[in-house]
Structures are given as C-alpha cells and as structure tokens.
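# Analysis of the macromolecular model
Spelled out from the first residue to the last, the chains are:
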Amino acid sequence: MRALRRTIGLLFAAALIAAAAMLLWAWARGRPQDMPWTPLDLGAPIGLSTGRKLTALTGNFALCRAKLDAAGVRYTALPPRDGGGGCGYDDAVRFGEGGARGIAFHPAGLGIACPVAAALAMWEWDVVQPAAQRHFGDRVASIDHFGSYSCRRIYGRDAGTMSEHATADAVDIAGFRLADGTRITVVGDWRGDGAKAAFLREVRDGACRLFSTTLSPDYNAAHRDHLHLDQANRGAMGWRACR
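Quick notes on the rules
- As a convention, each chain's residues are numbered from 1 in the sequence order in which they are written.
- Predicted model: local features are reported for residues with pLDDT of at least 70 only, side-chain atom pairs are reported and counted for 80 or more only, and whole-chain, interface and lining totals are derived from all residues.
- Water and hydrogen atoms were dropped before computing side-chain values, which therefore reflect all heavy atoms in the structure.
- By definition, two strands form a pair when at least two bridges between them are found by DSSP.
- Numbering of helices and strands starts at the N terminus; helices are DSSP runs of H or I of at least 4 residues and strands are runs of E of at least 2.
- Grid points spaced at 1 Å over the protein atoms alone were grouped into cavities, where a 1.4 Å probe fits but cannot get out, and pockets, open sets with protein on both sides within 12 Å along at least five of seven lines, with lining residues defined by an atom within 4 Å of a point.
- Grid points are joined across faces, edges and corners, and a volume is the space filled by probe spheres set on the points.
- Helix axes are fitted to C-alpha atoms over the stretch in contact, other axes to C-alpha atoms as well, and angles between N-to-C directions run from 0 to 180 degrees.
- Roughly parallel means an angle under 35 degrees; roughly antiparallel, over 145; roughly perpendicular, 65 to 115; everything else is oblique.
- In this scheme, a crossing is called left-handed if the near helix is turned counterclockwise away from the far one by less than a right angle; it is called right-handed if the turn is clockwise.
- Residue contacts are counted whenever heavy atoms from the two residues lie within 4.5 Å of one another.
- Three classes are used: nonpolar for Ala, Val, Leu, Ile, Met, Phe, Trp, Tyr, Cys and Pro, charged for Asp, Glu, Lys and Arg, and polar for all others, with Gly counted as polar.
- Count a disulfide wherever a pair of cysteine sulfur atoms falls within 2.5 Å.
- Summary of the burial criterion: residues with accessible area below 20% of their type's maximum are buried, those above 50% are exposed, and those between are partly exposed, where the area comes from a 1.4 Å probe applied to protein chains only.

Moving on: the pairing of strand S4 (residues 92-99). Pairing of strand S1 (residues 73-77) with S4, which is carried by four bridges, proceeds in the antiparallel orientation. Each residue of the ladder has a partner; that of Tyr 75, found in S4, is Phe 95.

So this is what it looks like as structure tokens:
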C-alpha cells in the first residue's frame, strides 16, 4: 500500500510538472520577450528579460549588428579604437539617417557601443515617443546629449573603476526637443509636477527596463543635468541600477 501511494504521488507530481511546463511553453509563445532563453527581437515589446538580453550583446558585435539590421536600424560601424589603459572600443556604431528610427541626436555624429545603440532604438520606439504623445500630443524630433566615449574613471577620479564611458558603453542624455520646437531639459525640468517633469520621469523609468544602469538627478548632484544610461556587463544575473 505504501508503495502504491508513493507511485501515485510521483505520478501526480510528474503531472503537475508537465502541466507547469506546458503552461510555461504556452506563455513563452505569447510573450517570448519575457523568457531569458528566447532570442532578442528589437521590434518586440519590452519584456522581463529584454534588458539582460541587450546587455548580453556586449562582446558579440556581429550578433548586435544583425539585431539592428533585422529591426531596420541604419548605422555605420566605427573603426576600433584603442585608447590604452582600459579605454577604447571595437563594437561602436553611429546611427544613420532614415530607417526604423526617427529621432536625431544633437550634437550629430554620436558614436556608441552597439548594445547601447540597440537599447536606444527600443527606448525611442517603446518609451520616449509614446510618452511624448501622452504628455504633449507631439513627437520627439531630437535628443540632446553630453556624449558617450570618454577615456576616464568614474566621476573623473584619478583612481578607481573605469567608467562605462571609457568603452562607449554609456551615453548621457541632457534633454529632448519636440517637433514643435519645445525643449525639455533634465537640468531645468526634472523638478516639479508639470508635464515636462512627468515625461522625464517616465522616460527614466522606461530606460531602467532596457539599460544595465540608469541614473538621474534622483541619484546624486553629479547627475543633476542628465540621465546616465549604460550597458555595464555584470553577468547573466548581475545587479542592475535604476535611480
């Protein structure tokens, strides 16, 4: 009798596992972007695993370029750069005109690591433009930035960890310009209860789902005038920062 009960229990457990597996499979078919093992699709909605998949493009320039190509993003691959002392890059791109993207960057000619470019494209489609429509009834025409590549340590210190800027794996966003000419700046519009402040907080929160690190004026005074977005590679289960 004991053996029979044990057999029944095992069969019941196996049935539960099989049912759970079938449910998981069905869920994955409906929202593959939530599953860590499914391929990244830049054209799909943001999922639970999208941010980590974007960060995982670091070190695989060919795959990253293939993802940009599949999403219709036009770009130019930049020559490798060896800045010495842990600085430089071999996976940087510059966005081209036309294609699936519609937002320009000012100043023009921004060069960024490919995983950052992939995340910026999704940020535009899934976060920035929808937020602009909700808050202003208009589209973002361009993004003001403070640059990407800079051979330096964090906060420009003489010692310590190298900044993600040292490998072009970060970009600092200063503000946005709407199609009607309206400007929204981090330094001038972060505080308050108006539409501009709400927009900036929404795009910051959306960036947290796509970038490994997202820092805003809520983090510290050093970020009072920009959003720092980077794709620091801290491993498959590494910590992510959103502040």
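On to the layout of surface pockets, then. Considering only enclosed or pocket space, the largest pocket measures out at about 450 Å³ in volume. Looking at the largest pocket, it is lined by 21 residues, and the ones nearest its centre are Ile 154, Tyr 155, Leu 215, His 228 and Asp 230. Put simply, the parts of the chain that give the lining of the largest pocket at least two residues each are strand S10 (213-215) and strand S11 (227-230). Estimated volume of the second largest pocket: approximately 270 Å³. As for the second largest pocket, its lining consists of 14 residues, of which Phe 95, Gly 96, Ile 103, Ala 104 and Phe 105 are closest to the centre.

It is worth spelling out the pairing of strand S2 (residues 81-84) at this point. As defined by bridge partners, S2 adjoins strand S3 (residues 87-89) across three bridges and the pair is classed as antiparallel. Following the sheet pairing, Gly 84 is matched in S3 by Cys 87. Linkage of S2 to S3, two consecutive antiparallel strands, is achieved through a turn of two residues, within which Gly 85 is found at a positive phi near 65°.

Let us now look at the packing of helix H3 (residues 61-70) against helix H4 (residues 114-136). For the pair H3 and H4, the least separation of the axes is 9 Å and the interaxial angle reads 20°. The angle between H3 and H4 falls in the class roughly parallel. Remark: the crossing between H3 and H4 carries left-handed chirality. Together, Phe 61, Cys 64, Arg 65 and Leu 68 of H3 and Cys 114, Pro 115, Ala 117 and Ala 118 of H4 make up the contact between the two elements. Looking at side-chain class alone, the contact of H3 with H4 contains seven nonpolar, no polar and one charged residues.

This part covers the sheet that holds S4. If you walk across this open sheet you meet the three strands as S1-S4-S6, and the pairing is antiparallel. Edge positions in the sheet fall to S1 and strand S6 (111-113), since each of these pairs with one other strand and no more. The average undirected angle you get between the axes of adjacent strands in this sheet is 50°. Lying on the sheet, H3 is in contact with S1 and S4; it crosses S1 at an angle near 145°. Sheet strands in contact with H4 are S1, S4 and S6, and its direction is about 100° off that of S6.

Here we come to the state of the cysteines. The final tally for this structure, using the stated rule, is three disulfides. Disulfide pairing is shown between Cys 64 and Cys 114; the S-S distance is 2.1 Å. On the S-S bond that ties Cys 64 to Cys 114, the torsion sits near -100°, and the link is left-handed. Note that Cys 64 is positioned in helix H3 and Cys 114 in helix H4, a separation of 50 residues in sequence. Each member of the pair Cys 64 and Cys 114 is classed as buried. Two residues share a disulfide in this structure: Cys 208 and Cys 242, whose sulfurs sit 2.0 Å from each other. Handedness here is read from the sign of the S-S torsion; for Cys 208 and Cys 242, about 75°, the answer is right-handed.

Cis rather than trans, the peptide bond between His 106 and Pro 107 has omega equal to 0°. As for its placement among the helices and strands, Pro 107 is situated in the loop between strand S5 (104-106) and S6. Its identity is not glycine, yet Tyr 155 carries a phi of approximately 60°, on the positive side. Topologically, Tyr 155 is positioned in the loop between strand S7 (140-145) and strand S8 (170-178). Phi is positive for Ala 168, close to 65°, though the residue is something other than glycine.

Coordinates in, geometry out; function isn't part of it.
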